[in-house]
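Overview (structure and organization)
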Amino acid sequence: FGVRRRGKFDALALHQGVAVRIPIGAGIVVAEHGGALLRLSDEADRKIRLDEAMQRLGHVDILVNNAGATWGAPAEDYPLEAWDKVMNLNIRSIFLMSQAIGKRSMIPRKHGRIINIASISGLAGSGSGIEFIAYGTSKGAVVNFTRTLAGEWGEHGITVNALAPGFFPSKMTKGVLETHGAD
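Figured I'd write up the structure that's included with this text. (Residues numbered from 1 in each chain as written. Predicted model: local features only at pLDDT ≥ 70, side-chain atom pairs only at ≥ 80, totals over all residues. Heavy atoms only, no water.)

Side note on the packing of aromatic side chains
To keep things clear, this is the line we draw: Stacked, tilted and edge-to-face pairs are distinguished by plane angle, under 30 degrees for stacked and over 60 for edge-to-face with tilted covering the rest, among Phe, Tyr and Trp rings (Trp via its six-membered ring) whose centres lie within 6.5 Å. A run of H or I in DSSP counts as a helix once it spans at least four residues, and a run of E counts as a strand once it spans at least two, with each numbered from the N terminus. Three labels apply to residues, based on accessible area from a 1.4 Å probe with only protein chains included: buried if under 20% of the type maximum, exposed if over 50%, partly exposed otherwise in between.
Taken as a whole, this structure holds two aromatic pairs when the rule is applied. For the ring pair Phe95 and Phe145, a centre distance of 6.3 Å and an interplane angle of 85° mean the geometry is edge-to-face. Taken together, the residues span a long stretch of sequence, with Phe95 in helix α2 (residues 80-109) and Phe145 in helix α4 (residues 133-153) at a distance of 50 residues. Since its relative accessible area comes to 16%, Phe145 is described here as buried.

Below, the structure is given as structure tokens:
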């Protein structure tokens, strides 16, 4: 299996053991073995691309929603456009992807698995001068979205779970590490 990257991947669908990366937002990816192209930034394009993806895949067994962006600023000065960017990627995109794949593939088949990537920050908040109000809020929303969707879609044979990784070095956490150190 091979993937050529042309942007950031925000979701990963697995179909009969073959991973298909599906971007949410501006990025596009081309995947081998029957992969699909999907752009979810525009509603009309989202429907067209989802139709194409479902035609190529037939159905989706497992959806992994792995979306994450942050913006560091004190809550009292947090820019609204930054709040919207983080919330749109971190929770709205997960809702849209789950809704689309659930409705088109999992609910009709009475089977599916959805795994949402949350964060320990969505469970505990921040401290020690680390400012990420939208990130923590959005990842807390992912946790509660997961609980709510699991309750609603369980009757359809769909399991919905979340993983909440802790802090680790990455491009997204580089600024925090530079400011506060690794300890």
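Describing the pairing of strand β5 (residues 62-65)
Quick note on the threshold: At least two bridges found by DSSP between two strands are what make those strands a pair. Crossovers are described as right-handed under a simple rule: with the strands pointing away from the observer, the path leading from the first strand over the helix to the second runs clockwise.
Examined bridge by bridge, β5 and strand β6 (residues 112-117) share four bridges and lie parallel to one another. Across the sheet, Val64 pairs through a bridge with Ile115, a residue of β6. Following the chain from β5 across α2 to the adjacent parallel β6, one finds a crossover that is right-handed.

Comments concerning the pairing of β6
If a strand is regular, its side chains alternate between the two faces of the sheet. As judged from the six bridges shared by β6 and strand β7 (residues 158-163), these two strands associate in the parallel manner. In the sheet register, Gly112 faces β7, and the bridge partner there is Ile158.

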